[in-house]
Amino acid sequence: MNYNNLIKIALKALSNNKFRGFLTMLGIIIGVASVIAMLAIGQGSKRSIREQISEMGSNMIMIHPGADRFGGVRQSASDMQTLKLEDYNTILHEASYISACSPMVNASGQVVNGANNAPTTLNGVAPAYLDIRKYEVGQGEMFTEADVKKAAKVCVVGQTVVDNLFTNGEDPLGKTIRFGKIPMRIIGVLTPKGYNSMGQDQDDLILAPYTTVQKRVLAITYLHGIFLSAISEEFSDRAIDDLTGILRQTHRIKAGDDDNFSIRSQEELSSMLSSTTNLMTVLLACIAGISLLVGGIGIMNIMYVSVTERTREIGLRMAIGAKGRHILFQFLIEAVIISVTGGLIGVLLGIGAAAVIKYAIGWSVYVQLYSVILSFAVCTLTGIFFGWYPARKASELDPIEAIRYE
Amino acid sequence: MENYIIRVEKLRRDFHVGDETVHALRDVSFSIRQGEFVTIMGTSGSGKSTLLNILGCLDTPTSGDYYLDGVAVRTMGRNDRATLRNRKIGFVFQSYNLLPKTTALENVELPLFYNPAVSAHERQERSIEALKAVGLADRIRHRSNQMSGGQQQRVAIARALVNNPVMILADEATGNLDTRTSFEILTLFQRLHAEGRTIVFVTHNPEISQFSSRNITLRDGRITDDTTNDNIRSAREVLDSLPAEEN
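Residues numbered from 1 in each chain as written. Chains lettered and ligands numbered in written order. Predicted model: local features only at pLDDT ≥ 70, side-chain atom pairs only at ≥ 80, totals over all residues. Heavy atoms only, no water.

The subject of this paragraph is the state of the cysteines. Residue and element names in this part refer to chain A. Applying the stated criterion to the full structure yields 0 disulfides over all chains. We note that cysteine 286 lacks a disulfide partner, and the nearest cysteine sulfur, in cysteine 379, lies 18 Å from it. Under the relative-accessibility criterion, cysteine 286 is labelled partly exposed at 43%. (Disulfide = S-S within 2.5 Å. Buried < 20%, exposed > 50% of the residue type's maximum accessible area, 1.4 Å probe, protein only.)

On to the nonpolar core. If you look at the biggest cluster of nonpolar residues, it comprises 69 residues, and the most contacted ones within it are Ile6(B), Phe30(B), Ile40(B), Leu55(B), Tyr66(B) and Leu68(B). When residues no more than four places from it in sequence are discounted, the contact partners of Phe30(B) are Ile6(B), Arg7(B), Val8(B), Ile40(B), Leu51(B), Leu55(B), Arg214(B), Ile216(B), Ile223(B) and Asp226(B). Counting 63 residues, the second largest nonpolar core, distinct from the first, contains Ile61(A), Tyr88(A), Val125(A) and Met184(A). (Core = buried A, V, L, I, M, F, W, Y, C linked by side-chain atoms within 4.5 Å. Contact = heavy atoms within 4.5 Å.)

At the junction of the two partners, chain B supplies 29 residues and chain A supplies 28 residues. Regarding the contact of chain B and chain A, the summed buried area is about 2,400 Å², with carbon and sulfur atoms giving 54% of it. On the chain B side of the interface with chain A, the three residues burying the most area are Arg78(B), Phe113(B) and Tyr114(B), jointly 27% of the side's total. At the boundary of chain B with chain A, the tally comes to 2 salt bridges. Measuring nitrogen to oxygen at the nearest pair gives 3.3 Å for the salt bridge that ties Glu106(B) to Lys12(A). In this structure, the connection of chain B to chain A is made through 13 residue pairs in polar contact (both at pLDDT 80 or more). Elements with a contribution of two residues or more to the side of chain B that touches chain A: helix H1 (48-55), helix H2 (78-88), helix H3 (104-113) and helix H4 (120-133) of chain B. (Buried area = accessible area lost by both parts, 1.4 Å probe. Salt bridge = Lys/Arg side-chain N within 4 Å of Asp/Glu carboxyl O. Polar contact = N/O pair within 3.5 Å; in protein donor to acceptor, adjacent residues only side chain to side chain. Helix = DSSP H or I, 4+ residues; strand = E, 2+ residues; numbered from the N terminus.)

All names here are of chain B. Applying the stated criterion across every chain yields a total of 10 aromatic pairs over all chains. Pairing phenylalanine 37 with phenylalanine 201 gives two aromatic rings, centres 6.5 Å apart and planes at 45°, and the pair type is tilted. Placement of the pair is phenylalanine 37 in strand E3 (residues 37-41) and phenylalanine 201 in strand E8 (residues 199-203), with a sequence separation of 164 residues. For phenylalanine 37, a relative accessible area of 0% translates into the label buried. Exposure remark for phenylalanine 201: the relative accessible area of 0% places this residue in the buried category. Through successive ring pairs, a cluster of aromatic residues spans Phe37, Phe189 and Phe201. We note arginine 7 situated over the ring of tyrosine 67; from NZ or CZ to the ring centre the distance is 4.6 Å. (Phe/Tyr/Trp six-rings, centres within 6.5 Å; stacked < 30°, edge-to-face > 60°. Lys NZ or Arg CZ within 6 Å of the ring centre and 35° of its normal.)

Attention now goes to helix H10 (residues 311-319) of chain A. Counting buried positions over the 9 residues of H10(A) gives 8, a clear majority of the element. Two residues or fewer past H10(A), Gly321(A) is found with a positive phi of approximately 120°.

A few words on the packing of helix H11 (residues 324-361) of chain A against helix H12 (residues 369-395) of chain A. All names here are of chain A. As a packed pair, H11 and H12 sit with axes 7 Å apart at the nearest point and diverge in direction by 155°. Judged by the inter-axis angle, H11 sits roughly antiparallel to H12. Note that H11 runs across H12; the crossing there is right-handed. Here the contact of H11 with H12 is composed, by residue class, of 17 nonpolar, 7 polar and 1 charged. (Axes fitted to C-alpha atoms, helices over the stretch in contact; angles between N-to-C directions. Parallel < 35°, antiparallel > 145°, perpendicular 65-115°, else oblique. Left-handed = near helix turned anticlockwise from the far one by under 90°. Nonpolar A, V, L, I, M, F, W, Y, C, P; charged D, E, K, R; others polar.)

Residues and elements named next belong to chain B. With mixed pairing, 6 strands are arranged side by side in an open sheet as E6-E7-E8-E3-E9-E10. At either margin of the open sheet sits one strand with a lone partner, and together these are strand E6 (89-92) and strand E10 (222-228). With strand direction ignored, the average angle separating the axes of adjacent strands in the sheet is 15°. Here strand E9 (residues 214-219) pairs with E10 via 6 bridges, running antiparallel. Bridging across to E10, arginine 219 finds its partner in arginine 222. On top of the sheet, helix H6 (residues 179-194) reaches E3, E6, strand E7 (167-171) and E8; it is set at about 150° to E8, its chief contact. (Pairing = 2+ DSSP bridges.)

In C-alpha cells, the structure reads:
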C-alpha cells in the first residue's frame, strides 16, 4: 500500500471536517504553546537571576566569623570575634585560587553633611574590594593602600548617599561629611549599580579604609568578614577548601571540631536560587504538560466519535479492498496530522506569547530550542498514543456489520 | 474446461447464537459461468445475505468450498480476502454507500487507492472511463449530496466497475429507488451483461428475476430452484412503456 495514498485519504477526511479538526487541534495548540511559554518564563527568570548574581561577582567568596552552630546553640555571627586581621594577612600570603582579597568591617549609622543626613552603612575595606564586588569609581578615585596604612579619613560614596546628602546637586568630590563623629573627605563616587535581585540598594553605602573604620569609628581589632574573589567561578570550590584548611590551621582547630568561621560562595547562593526557579519551572511545565495531556485526550475522544460516525465508510473501504492496517494507518495518520499541525501552530503561538510577555510585561523570557523540540516530540507522540486506540478499534471492525451500520 | 467464475460446493455456514446453532446455509452447491446474469432470490431468513457475504469474500463458510475465478477462498486470511475483493469483485449496495462530501470521481477512484499497482494518473483516467460508462460524464465533479438516488447508484456501479472485476455483486441494488429509476439501473445492468460482465444480483424482489439470465431461489438455507431464463425481459422496453415523468 502506498502511504502517499493513505495520507491523501486522511487529509481528505480531515478537510471534510475542518472545524472539528480545528477544535481538536486547539487542545494541542494550547498545550504546546503553554509548555513553551512556561518553560521560557522559567528559563528567563533563571537567567536573569544568574545575570544579577554575576553582576555582584559570581566568583565572590565570603568568610564570616563563627560557625552556624556552636555547641548546639546558634550564635549571632557578628558577636563573635574569631576573625582577625592576621587571618586576612595569612590568606593574602598563602591562599591559592584567589585573585583578590579584602577585609570587611562595617558600621551602620547616620551620615551628615550640613543640614542633610541619612542612615547608611559604612564599609571598611581594602582597595581590592572594588574588584571583588564589581564596583567602579565613576568620579574621583579609590583610596590607596597608603590611605589604609595611615587610616586616612577619606571615603568613596555610593550614588544614593550623594543624592541624600547633596540635594542641591553640588559636586561631592572634596567635600567632608561626618559619619557619627568622624569627618571624612569624599575622594570618589561609585558608578551606580541599582537594586540587586534581593531588592537591596547597592548604591547606599560608603567605602572607607578598613583601618579607619576599625580604629576611628568602631575601635575594634577583629574583622566582620573577609571578601575574596576566586580566580574564576569554577575554582570557587577548590578555593573554599583551601581557605578552610588555612583558617583551621591558624585558628588551631583540632580534627573533628567544628569550624569557628563559615565560608560561603556566590556559587552556593546562585545554585540555591536556581533550585528555587528550577522547582518553579518544573511546576509550570507540569501544569502545561497536563494541558497537553488533556489535548491528547481530546484527540482520542474525537477520533473515537469519528470512528463510530464513519463506521459505514470503514465497512465500505474494507469491502472494496482495504486491509485492517490500511484503516489503522488512515486513522492514525489523521490523529498525527491533527497533533503535528496543532504542535506547529502551538510552537509558533508559544514563541509569540513569550515575545509578548517579554515586550509587554517586561519579564525576562528565554525560549530554549530543547523546550520547542521536547514539546513538539511530546505532542506527536500524544497523537500516536491517543490515536492508536480508536484507529485500532476501526481496523478491527467486521466489514459485514460495519457496512450495514445505521 | 468450462470457465466458471464462481464454483460453490456443499457450502455450509453455521452461526452460534447462545447455546443454539443456526444453520444459515446447508449444503449449497452451484456454479456461475462467465457472462451470466444471475439473480439470487429469497425471503429474509432464507440465507441469501449469508451467501452474499461468502460470495463477496467478506465471510468464510463453516465447511464446503468456494472458488472465485479459480481461487480457493475458504482457507484465505483476512488480508488476502481484502486483496481478492479489491481485484476481483465490484460491490453495489442497496444504500449506495458513497462517501459524503466527496465528488463522484473521488468515490469511483476509491478501490484503486488500495491497489498500489495503479498510478495516480491511471486511477483518474480509469475512473473517468467508468463514470462515462454509466452515463455520468457530466457529473464527474459533483458531490454525492448533490446527486439524485439514481445518480448515486450509478456512481456506485462505476465504482464497482473501475477495478475491472470478474464479477459484479449487487445487494438489493434497486431497493432504495423508485420504479422508474429502478428500471434505469436494471437497464444499465442488462447493458453491462450484454457487454459480457458476470453479474450476481441478490434480491428479495421476484420481479427482477425476469430481467436476468438465470435465477437461483434460496429457502431455509437450501437451493429450492435454479432455472435458466430463456425469455429475458428488456428493462429498456419497460422503461419506455412507463408514463413519462410529469416534470
